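Next come the chains, spelled out residue by residue.
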Amino acid sequence: MEGPKGAALDLGIQGMSCSACAARIEKSLGKLGGVQEAAVSYASRRAWIRYAPDETDAEAIKERVRRLGFGVSDPGDRSAEYAAMRLLRLRLLVSALLTLPLLWAMAGHYEALSFVPVPAFIRSGWVQLALATAIQFGVGLPFYQNAWSALRAGGANMDVLVALGTSAAYLYSHYVVFAHGAAGSHPDGMLPLYFDTGAVVITAVLLGKYMESRSAARALRESDGYAKLKAEEITVLRADEARRVPAASVRDGDIVLVGPGGLVPVDGIVTGGQSEVDESLLTGESRAVPKRPGSRVWAGTTNRGDTLRIRTETTGEGTLLSRIDALLRQAQASKTGIQRKVDRISARFVPLMLLASAMTYLAWALWLAPGDGSRAALSALAVLLVACPCALGLATPISLVIASGKLARRGIVVKEASALESLAKVEVVLLDKTGTLTEGRPCVAGMQPAPGWSAAAMLKLAAAAEAESPHPYAAAVREEARRRGLVPPPATGRLEWTGYGVAADCAEGRIAVGGRQLAQQERWSGMKRAEGFAAIREAGGETVLFVALGGECIGAISLGDRLKRESPEAVQALRTDGLDVWLATGDAAGPAAAAAKEAGIARWKAGMLPEDKLQLIRALQREGRVVAMAGDGWNDAPALAAADAGFAMAGGTDAALAAGHVALLRSSLTGIHAAVAASRLTMRNIKQNLGFAFLYNIVMVPVAACGLLEPWMAGAAMALSSVTVVGNALRLSGRLARELR
Ligand SMILES: Nc1ncnc2c1ncn2[C@@H]1O[C@H](COP(=O)(O)OP(=O)(O)OP(=O)(O)O)[C@@H](O)[C@H]1O
Ligand SMILES: [Cu+]
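All values reported here derive from a predicted model rather than from experimental measurement.

Definitions and limits used
- Residues numbered from 1 in each chain as written.
- Chains lettered and ligands numbered in written order.
- Predicted model: local features only at pLDDT ≥ 70, side-chain atom pairs only at ≥ 80, totals over all residues.
- Helix = DSSP H or I, 4+ residues; strand = E, 2+ residues; numbered from the N terminus.
- Buried ≥ 20, exposed ≤ 12 C-beta atoms within 10 Å, placed from the backbone.
- Pairing = 2+ DSSP bridges.
- Axes fitted to C-alpha atoms, helices over the stretch in contact; angles between N-to-C directions.
- UniProt positions renumbered as here; feature names shortened; annotations may be inferred.
- Near = placed C-beta within 6 Å.
- Nonpolar A, V, L, I, M, F, W, Y, C, P; charged D, E, K, R; others polar.
- Core = buried A, V, L, I, M, F, W, Y, C linked by C-beta atoms within 7 Å.
- Contact = placed C-beta atoms within 7 Å.
- Expected span 1.5 Å × (residues − 1).
- Arc of directions from axis to C-beta.
- Bend = angle between axes of the 7 residues up to and from the residue.
- Parallel < 35°, antiparallel > 145°, perpendicular 65-115°, else oblique.
- Left-handed = near helix turned anticlockwise from the far one by under 90°.

**Details of the overall build of the protein chain**
Along the protein chain, the regular secondary structure elements total 26 helices and 26 strands. Over its C-alpha atoms, taken along the principal directions, the protein chain stretches across nearly 120 × 65 × 45 Å. In the protein chain, which comprises 741 residues, the proportion classed as buried is 51%.

Given below as structure tokens:
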């Protein structure tokens, strides 16, 4: 597969506290020499980096991330994440235990709680100071570390808000204890201590973080890569003996044995055995696919029948499975338009909220409650804590990650997250014919040689010219020649004009095979008889190729191709979605009209060169329409790229993975409908998330500024806002599971 130069690196990242951290890692990696592209996703806790291997290496990149204060792990390996979660839980427990006595002591401050006996030693300012210090600088240390590295990088994140807010409460109380000595223990002379405030805030934030990471892990688990489908040990045949060897030691050409129920560990060709293989996790096709010698099989599929012998063609990172996995991770780390906007807003948010907090303090201290310093401080603190836009940063990516993971499991690989965004707005879907609407396995249906020529002689020459073309028509011509036992003569100087046809030189002269456009372009002579044949065949929906030797037409070949069984239904589903479906084909009007009619498509355009398809898309886009295009990955690649959402239909081939924005591994139009439906649900979910996150900040900040929120409530509300967003994204996960069945 071709792609931009450079090596790719996938990482799992631990210790990010909000999307500002992800942005910071991205920025820092961007400045590292040799890094071409870096995308970091807070939602999936992953990073995807492309770098020039001769300028830097994976170790240097990992080191850079570690130096920023984050943990680095292998992306397939979630254990580092679970370890981080366990650590978080431990911090939460310790924090809660240490906070309890402080809350107990606080009971003494309230009339209503005066019945609660408070032991004298707990009331001691020194004891409280000790407990609070342990929380603030023990449990709370990571807040300081993260805040510090964020500030050093010139940014601010939620750690800055938390560290600042709790330190203020802590230091104030600290000052009080020292100013008044241990007098805080005196029952009547209760000191205004706020140790409990900082402690409870830290506990609340930790609780929220813990809940968020728990539910995010749950939401992401299924949308995770395909790590589980990778075999660790493989049975290979060496010196006529079956042996279990580590997966890494299998080489191309090795014969692999896969027993009943076994996981196919490599991409390859079946050389022995007959069986059925379940490809559903790769392509979404739920029916088992029959395999016999000569069939292609892929890693990650499951043998449902008898033992298969497979000659290894690709292993490890080169397999289709691994490449899909890499594409998916890249997509999950990539950013959409909405997300960029939101990130820009939230980057401004933290400084803005620092200002709002300062203004709250001044308003209370100078005007609302002059003289009551603690009231002003508590309100300012609440603003600081409630303001964190962490839910905002999570709103878009978490839903996108879930949706792309779910789609991939149906054989619909979204390569750019932004395609999901445009897909939800698509109005027009352009389909091409061969291989998209039809099976793409045409057969020769009829032949009409020119006078003086036999069908066999004409076919032989045509097959010689088509010998190397990847076009399905070429395959049909070659197949027919083979079936008739004809051996095409050797030819040289092969040429292929996309959308026109092919040519080659052989002993008899220059042969050309192609459509009517090629014949006109090259001004072939003697077309009359062939045209008559073509008129009849095309009216019947067949495709006609013309064959010429030395510029003179020597006959015509008609090809029949069947519509895919599910095409009419899929077209209908797209129309029910409210989409305008067009057929744009390089074929002639007759077959175009016939295919359109059979599939239930009202508008079609024939004789479209690949450039024409591109121009059509551009023209529609100029009218302000959002266009999706589905075609084969190889000659429609430019049109697929120009469309707002390009679907490559070429099945499990390289071209399909390289072209367009979405690859349909099971080359069926139903995938387009599924992707559109999923994108709409996803965008709705994202909008709910964003609406909630914005509303939360818009409502809660004034409430806090008015002094109506205790700081601990503010801390809890901030943390719970992300939990709410993740919860909503989990709902999407369930919806998609039902929708994509
Ligand atoms: N290898 C080839 N051999 C013969 N004719 C060809 C070949 N490639 C292209 N042509 C001619 O050019 C026309 C356009 O080809 P193109 O691949 O763009 O479209 P298509 O396969 O007919 O249909 P669609 O655009 O729907 O996939 C074909 O209909 C055929 O007449
Ligand atoms: Cu936050």
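Now that the structure is up, let's keep going.
**A closer look at the sheet that holds strand β3 (residues 46–51)**
In space, the four strands of this open sheet follow the order β2-β3-β1-β4, with antiparallel pairing throughout. A single partner strand is all that each edge strand has here, and the edge strands are β2 (35–41) and β4 (71–73). Averaged over all pairs of adjacent strands, the angle between their axes in this sheet comes to 30°, without regard to strand direction. As paired elements, strand β1 (residues 7–14) and β4 share three bridges and run antiparallel to each other. Paired with G12 across the two strands is S73, which belongs to β4.

**Some remarks on the UniProt feature "transmembrane region" (unreviewed entry) in the protein chain**
With numbering aligned to this structure, UniProt lists the feature "transmembrane region" (unreviewed entry) at residues 88–106, 126–144, 156–173, 193–211, 349–370, 376–402 and 689–705. Annotated as 89% helix and 0% strand, the span residues 156–173 places its first and last C-alpha atoms 25 Å apart.

**Looking at the site of ligand 1**
In the vicinity of ligand 1, 22 residues are found, and the nearest of them are D432, K433, G515, T585 and G586. Among the elements of the structure, α15 (433–437), α17 (472–483), β18 (501–506), β19 (509–514) and β20 (543–549) are those that each provide at least two residues to the shell around ligand 1. Grouping the constituent residues of the shell around ligand 1 by class yields seven nonpolar, eleven polar and four charged.

**A few points about the nonpolar core**
By size, the foremost hydrophobic cluster in this structure holds 228 residues, and its most contacted members are V386, A465 and V547. Here this core gets 14 residues from one element, more than from any other, and that element is helix α25 (residues 670–705).

**Some thoughts on the sheet that holds strand β16 (residues 443–449)**
Spatially, β16-β21-β20-β19-β18-β17 is the arrangement adopted by the six strands of the open sheet, whose pairing is antiparallel. The open sheet has two edge strands with one neighbour each: β16 and β17 (492–497). Ignoring strand direction, the axes of neighbouring strands in this sheet form an average angle of 15°. Of the strand pairs in this sheet, β16 and strand β21 (residues 552–560) are connected by six bridges, and their pairing is antiparallel. Paired with G446 across the two strands is S558, which belongs to β21. Those strands touched by α17 are β16, β18, β20 and β21, and its axis lies near 75° from that of β16.

**Description of unusual backbone geometry**
Even without a glycine there, the phi angle at R523 is positive, about 50°. Tracing the chain through its elements places R523 in the loop between α18 (516–521) and α19 (528–539).

**Focus on the environment of A658**
Within the secondary structure, A658 is located in helix α24 (residues 654–658). Residue A658 is classed as buried on the basis of its C-beta count, with 20 C-beta atoms lying within 10 Å. Separated by 21 residues in the primary sequence, A658 and A637 place their C-alpha atoms 8.6 Å from one another.

**Remarks on helix α22 (residues 610–622)**
Compared with the 18 Å implied by 1.5 Å per residue over 13 residues, the 19 Å span of α22 between its first and last C-alpha is a close match. Taken residue by residue, α22 has K613, L616, I617 and L620 as its buried positions. Mapping the buried residues of α22 onto a view down its axis gives an arc of 95°, with all of them on the same face. With respect to the buried face of α22, the exposed residues turned more than 90 degrees away are E611, A619 and R622. Among the structural elements, β15 (428–431), β22 (580–584), β23 (603–605), β24 (627–631) and α23 (637–642) are those in contact with the buried residues of α22. Where α22 terminates, the next one or two residues include G624, which has phi positive at roughly 90°.

**With respect to helix α11 (residues 337–368)**
Because each turn of an α-helix spans 3.6 residues, side chains separated by three or four positions end up pointing in the same direction. Along its length, α11 reaches its greatest deviation from straightness, about 30°, at V350, and the proline P351 lies no more than four positions downstream. Within α11, burial applies to Q339, V342, D343, S346, V350, M353, S357, T360, Y361 and W364.

**Notes on the pairing of strand β13 (residues 308–314)**
Remember that side chains alternate between the two faces of the sheet whenever the strand is regular. Sheet analysis places strand β7 (residues 255–258) next to β13, joined by four bridges and oriented antiparallel. Among the inter-strand pairings, I255 is bridged to a residue of β13, identified as R311. The pairing of strand β8 (residues 267–272) with β13 spans five bridges and is classified as antiparallel. Note on β13: the bridge partner recorded for I269 is R311.

**A word on the environment of P290**
Inspection of the secondary structure puts P290 in strand β10 (residues 289–291). Under the C-beta neighbour-count criterion, P290 is labelled exposed, with 12 such atoms within 10 Å. Sequence separation between P290 and D278 is twelve residues; the distance between their C-alpha atoms is 9.0 Å.

**Observations concerning the packing of helix α20 (residues 567–576) against α25**
It is the contact of α20 with α25, at a shortest axis distance of 8 Å, that shows an interaxial angle of 25°. When the interaxial angle is binned, α20 and α25 end up roughly parallel. Crossing hand, α20 versus α25: left-handed. Contacts from A570, A573 and L574 of α20 reach α25 at T670, I672 and H673. Class assignment for the residues of the contact of α20 with α25 results in four nonpolar, two polar and no charged.

**Topic: the environment of M85**
Along the chain, the position of M85 falls in helix α3 (residues 79–107). By C-beta crowding, M85 is classed as partly exposed, having 18 other C-beta atoms within 10 Å. Here the alpha-carbon distance between M85 and R296, two residues 211 residues apart in the chain, equals 42 Å. Setting aside residues up to four positions removed in sequence, M85 forms contacts with S213, R214 and A217.

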